[in-house]
Amino acid sequence: MPSYEDLLEEARRHLEEFGVQELPGRLVLRGDSLWLTTAPEVPEDVRVHSVGVRLFRIQNHGLKPTSFGLMLLGARIKKRRVELTRAEVQELLSGRTLRRPGLPQGYVALCLEGEALGCGEVRGESLRGQIPLGRRQELLIALAQEGKVLPKPSQYNDGKGAGMKTQEDVLKGAILFEERGRIFYEHAAQEAKSPGVREVFALLAQEEGRHRDYLAKMLAGLLRTGKMENFSRPASDMVSAVLTEDVKKGIEAAGFEAAAIYAGMALEERAVAYYRENAKKAPPNLAELFEFLAQWEQTHWDLLFALDEELRQRIWHERGFWPLD
Amino acid sequence: MERYRAIIPEWEKFWETLVQPLPTVIRTNTLRIDPGTLRRRLEAKGFELRPLPWDPTCFEVTGEIPIGNTLEHWLGYYYVQEATQLLPVRALAPQPGERILDLCAAPGGKTTQIAQHIRDEGLLVANDASVKRIQALLANLYRLGVRCAVVTECPGENFPGEARFDRVLVDAPCSAEGVARRFPHLRRGAPLATIRRLAALQHKLLGRALKLVRPGGTVVYSTCTFAPEENEGVVKHVLDEGLAELVPWEPPVPHARGLSFFGEEEYGPELRKTVRLYPHHFNSEGGFLALLRRPA
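Residues numbered from 1 in each chain as written. Chains lettered and ligands numbered in written order. Predicted model: local features only at pLDDT ≥ 70, side-chain atom pairs only at ≥ 80, totals over all residues.

Participant: When you look at the overall build of chain A in this model, what are you seeing that I'm missing?
Facilitator: Counting its secondary structure elements, chain A contains 10 helices and 10 strands. Looking at the 325 residues of chain A, the share that counts as buried comes to 36%. For chain A, the share of sequence-separated contacts (at least 6 apart) that also reach a separation of at least 24 residues comes to 63%. (Helix = DSSP H or I, 4+ residues; strand = E, 2+ residues; numbered from the N terminus. Buried ≥ 20, exposed ≤ 12 C-beta atoms within 10 Å, placed from the backbone. Contact = placed C-beta atoms within 7 Å.)

Written as structure tokens, this is what we have:
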């Protein structure tokens, strides 16, 4: 273990790299961490869990900045800030890497709309999030929920300022929706501990992938011929058939599955609204396709809602009842 | 709850309020953002915010999505805290640079509020007896970016030392009858055996707090229950032991004074200096608080 002085020196170097000129507190070494605190003393006659906010963890290869620490430093961070879009943040939160050439190697501050969210790491041209899993899930849910009240993609995502108007644009938007859904459920399937729940998420990922492929085929036809092919309904599975008692029992109420179900519901709700909204404006064959997709996504939502309802009581019991705040 | 019919004023109105939905209140984390900026940001996301008339850093909020699911909440710009729960720290009146103990701190609503009052300057020991609950406390302290807090794990009644703090908050574990609007099963009222068991623990906690505070220092004792045994009964006990004197405190909201008796139990007129908070008085939850001073 390096000496306290060596660790302080390394911390200073890191902070310089982040462009932090003044630290709002002092650094205290305790356990495997350097803590940022304004407390003038630390009681020694009682078990201590934390002193202020953990700023660095001491790891084998050196110090690693914490996400809470970077969030606290916020606007003091002048360098190594990586500004991301909401869609990019959601990708990183889902555990995927982004290709971002030209960034400085090592730890960076991930930022959204000017706010420091936490720690990321750049290796080569890849950017990976380092925000802890629980916090990632909470932010994923928050962004999905905010998506319901912020401007819809059809109003801001086309880069033309006038909304998606052409059949091509509408199809591209729909493909993007399905791909996002597929990525989300694929990740949820990887993280879920219960085999039954894993299967549910895997099935949803497959369905979203099939929707994407079908829409991509229609887009290719449109680009090739300039005309929209007649819509024929793709085959669908009966999703509700998978909601067995075993699946219900297998969900860890306070764990990742619960958060993923909640986030999935928000995602599906938005997809249904998107398809319904565009069905109103589209030519008849496309309108029928969108109405069908809306119904299909609605079955996903119904499934997730049923799972969520199942969880409510259990979350209550597992978290323990202590209603003081 | 029926046993409180004689002591809760406007009983019918009280009972009607218990079945009404509870307003959602948020407290701006002034360590990170000013209330005006927070208001503008949340309004841009479709929320409606109305400042509390007695605390402009706090807002009653309505909106389409849960207020706990926003980027601003995730960033620690506010804490969702019921209005009644804002009062104990206001009574404690902590000052920057002081040594303060929050004896039963988890999940951290009042701890983070204390940190704001002292502008993150001083020593704030946030203690709790339960490792599980400390995890929630840590998450909230980190999220809100509180730097002055030292989190400790110790049964409150055994917290070591003597006269080491300027102020101590004892927001005691209680039978929680005051939060019956959120949790309907509590409308039945708590069993007497539970109330008595909790009162014994609360007496130990308050007694220890009064040893831990310096002579002349302040202790606030608060609960979220209506049970006199856990409120006036506990305070009377430490007064009788000569550990404390009561200080009158006027909350900025409609309230009732503490009871001088309950059934055959005499608490005495001194206990009128304590405060009872009822849901129908300002559309909130319910609770009790007492401001105490350790004799110099």
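Participant: What's the story with the overall build of chain B in this structure? I'm lost.
Facilitator: On a plain count of helices and strands, chain B comes out with 9 helices and 15 strands. Against the compact-globule benchmark of 19 Å for 296 residues, chain B has a radius of gyration of 19 Å, which places it among compact chains. Evaluated residue by residue, chain B yields a buried proportion of 52% over its 296 residues. (Rg over C-alpha atoms; globule rule 2.2 N^0.38 Å.)

Participant: In this structure, what is going on with the sheet that holds strand β8 (residues 106–112) of chain A? I would like to understand it.
Facilitator: Backbone hydrogen bonds hold the strands of a sheet together, and the pairing may be parallel or antiparallel. Residues and elements named next belong to chain A. Reading across from one edge, β6-β8-β9-β10-β7 is the order of the 5 strands in this open sheet, with mixed pairing throughout. Unpaired on one side and paired on the other, β6 (81–84) and β7 (98–99) mark the two borders of the sheet. As paired strands, β7 and strand β10 (residues 126–129) are joined by 2 bridges and run antiparallel to one another. Its bridge partner being in β10, R99 is matched across the sheet by S126. (Pairing = 2+ DSSP bridges.)

Participant: Whenever I open this one, the pairing of β8 of chain A confuses me. Can you help?
Facilitator: Residues in a regular strand project their side chains so that they alternate between the two faces of the sheet. All names here are of chain A. Examined bridge by bridge, β6 and β8 share 4 bridges and lie parallel to one another. From the neighbouring strand, V82 faces β8, where its bridge partner is L110. Direction of pairing for β8 relative to strand β9 (residues 115–123): antiparallel, over a ladder of 7 bridges. Bridge pairing in β9 links L110 to G118. Here β8 folds back onto β9 in antiparallel fashion, the turn holding 2 residues, of which E113 has a positive phi close to 50 degrees.

Participant: Is there a simple way to explain the confidence of the model for chain A in this structure?
Facilitator: Low-pLDDT stretches of the model should not have their predicted coordinates read in fine detail. Residue and element names in this part refer to chain A. The predicted model of chain A has a mean per-residue pLDDT of 80, with 81% of residues at 70 or higher. Taken element by element, the predicted model of chain A shows its lowest mean pLDDT in helix α5 (residues 153–156) (36) and its highest in helix α2 (residues 67–73) (98). A low-confidence stretch, residues 151–165 stays under pLDDT 50, and its non-local contacts, those more than four residues away or across chains, total 18 contacts. (pLDDT = per-residue confidence, 0-100.)

Participant: What's the story with the sheet that holds strand β2 (residues 33–37) of chain A in this structure? I'm lost.
Facilitator: All names here are of chain A. Across the sheet, which stays open at both edges, the 4 strands sit in the order β1-β2-β4-β5 with antiparallel pairing between neighbours. The strands lining the two open edges of the sheet, one partner per strand, are β1 (26–30) and β5 (62–65). Each strand axis lies, on average, 30 degrees off the axis of its neighbour in the sheet, ignoring direction. Judged from the 5 bridges that link them, β1 and β2 form a sheet pairing that is antiparallel. Each bridged residue has a counterpart across the sheet, and for L29 the counterpart in β2 is L34. Against the sheet, helix α1 (residues 4–17) engages β1, β2, β4 (53–59) and β5, with an angle of about 45 degrees to β5. (Axes fitted to C-alpha atoms, helices over the stretch in contact; angles between N-to-C directions.)

Participant: Looking at this structure, I do not really get the nonpolar core. What am I missing?
Facilitator: Note that soluble globular proteins tend to have their nonpolar side chains buried in a common cluster. One finds V168, V170, A209, V219 and Y221 of chain B to be the most contacted residues of the largest nonpolar core, which totals 151 residues. A total of 12 residues in this core trace back to one element, the largest contributor, which is helix α9 (residues 256–281) of chain A. (Core = buried A, V, L, I, M, F, W, Y, C linked by C-beta atoms within 7 Å.)

Participant: Explain the interface of chain A and chain B here, please?
Facilitator: Buried accessible area, meaning the area lost when the parts come together, often serves as the stated size of an interface. Counting from both sides, the interface comprises 37 residues of chain A and, opposite them, 42 residues of chain B. For the side of chain A that touches chain B, the secondary-structure elements that each account for two or more residues are β2, β3 (47–51), α2 and α4 (133–149) of chain A. In terms of residues, the side of chain A that touches chain B owes the most to one element, α4 of chain A, which gives 8 residues. Within the side of chain A that touches chain B, the residues separate by chemical class into 21 nonpolar, 8 polar and 8 charged. (Nonpolar A, V, L, I, M, F, W, Y, C, P; charged D, E, K, R; others polar.)

Participant: Before we go on, may I ask you to explain the domain arrangement of chain B in this structure?
Facilitator: Residue and element names in this part refer to chain B. When cut into domains, chain B gives domain 1 (2–18 + 83–293) and domain 2 (23–81). One C-alpha centre belongs to domain 1, the other to domain 2, and the line joining them spans 25 Å. Facing the 16 residues of domain 1 at the interface are 14 residues of domain 2. The set of elements that each furnish at least two residues to the side of domain 1 that touches domain 2 consists of α5 (109–117) and α6 (131–144). With 5 residues, α5 is the largest single contributor of residues to the side of domain 1 that touches domain 2. (Domains from an automatic or database assignment.)

Participant: Mind showing me how you'd approach the packing of helix α7 (residues 192–212) of chain B against helix α8 (residues 232–240) of chain B here?
Facilitator: Packed helices, taken two at a time, are described by their axes: the angle between them and the distance between them. Residues and elements named next belong to chain B. Viewed as axis vectors pointing N to C, α7 and α8 meet at an angle of 45 degrees, and their least axial separation amounts to 9 Å. Classed by the angle they form, the pair α7 and α8 counts as oblique. Where α7 crosses over α8, the two elements pack in a sense that is right-handed. Packed against α7, whose contacting residues are A199, Q202, H203, L206, G207 and L210, the element α8 presents G233, V234, H237 and V238 at the interface. (Parallel < 35°, antiparallel > 145°, perpendicular 65-115°, else oblique. Left-handed = near helix turned anticlockwise from the far one by under 90°.)

Participant: Hey, could you run me through the environment of S194 of chain A in this one?
Facilitator: Residue and element names in this part refer to chain A. Summarising the element assignment, S194 is placed in the loop between α6 (167–191) and α7 (195–225). Classification of S194 by C-beta neighbours within 10 Å gives partly exposed; the count is 17. With 31 residues separating them in the primary sequence, S194 and T225 have C-alpha atoms 47 Å apart.

Participant: Can you walk me through the environment of Y262 of chain A in this structure?
Facilitator: All names here are of chain A. Take Y262: it is sitting in helix α9. Between the C-alpha atom of Y262 and that of L215, which follows or precedes it by 47 residues, the distance is 26 Å. Setting aside residues up to four positions removed in sequence, Y262 forms contacts with I141 and D308.

Participant: How should the pairing of strand β7 (residues 149–153) of chain B be read in this particular structure?
Facilitator: By the criterion of burial, β7 of chain B is predominantly enclosed, with 4 of the 5 residues buried. Where β3 of chain A meets β7 of chain B, 4 bridges bridge the pair, whose relative direction is antiparallel. Across the sheet, V51 of chain A pairs through a bridge with V150 of chain B, a residue of β7 of chain B. Following the backbone out of strand β6 (residues 123–128) of chain B, through α6 of chain B and into the adjacent parallel β7 of chain B, one traces a crossover that is right-handed. (Right-handed = clockwise from strand over helix to strand, strands pointing away.)

Participant: Whenever I open this one, the environment of H73 of chain B confuses me. Can you help?
Facilitator: Tracing the backbone shows H73 of chain B in helix α3 (residues 71–74). According to the C-beta neighbour criterion, H73 of chain B is buried, with 20 such atoms within 10 Å. The spacing of H73 of chain B and I26 of chain B is 47 residues in sequence and 9.8 Å in space, taken between C-alpha atoms. Residue contacts for H73 of chain B: discarding those within four places in its chain leaves A142 of chain A together with I67, G68 and Y78 of chain B.

Participant: How do you make sense of α7 of chain A when you look at a structure like this?
Facilitator: Because each turn of an α-helix spans 3.6 residues, side chains separated by three or four positions end up pointing in the same direction. Residues and elements named next belong to chain A. Taking 1.5 Å of rise per residue, 31 residues should cover 45 Å, and α7 covers 45 Å from first to last C-alpha, within 8% of that figure. Of the positions making up α7, those classed as buried are V197, V200, F201, L204, A205, E207, E208, H211, Y214, L215 and M218. Just downstream of α7, G226 is the residue with a positive phi angle, here 80 degrees. (Expected span 1.5 Å × (residues − 1).)

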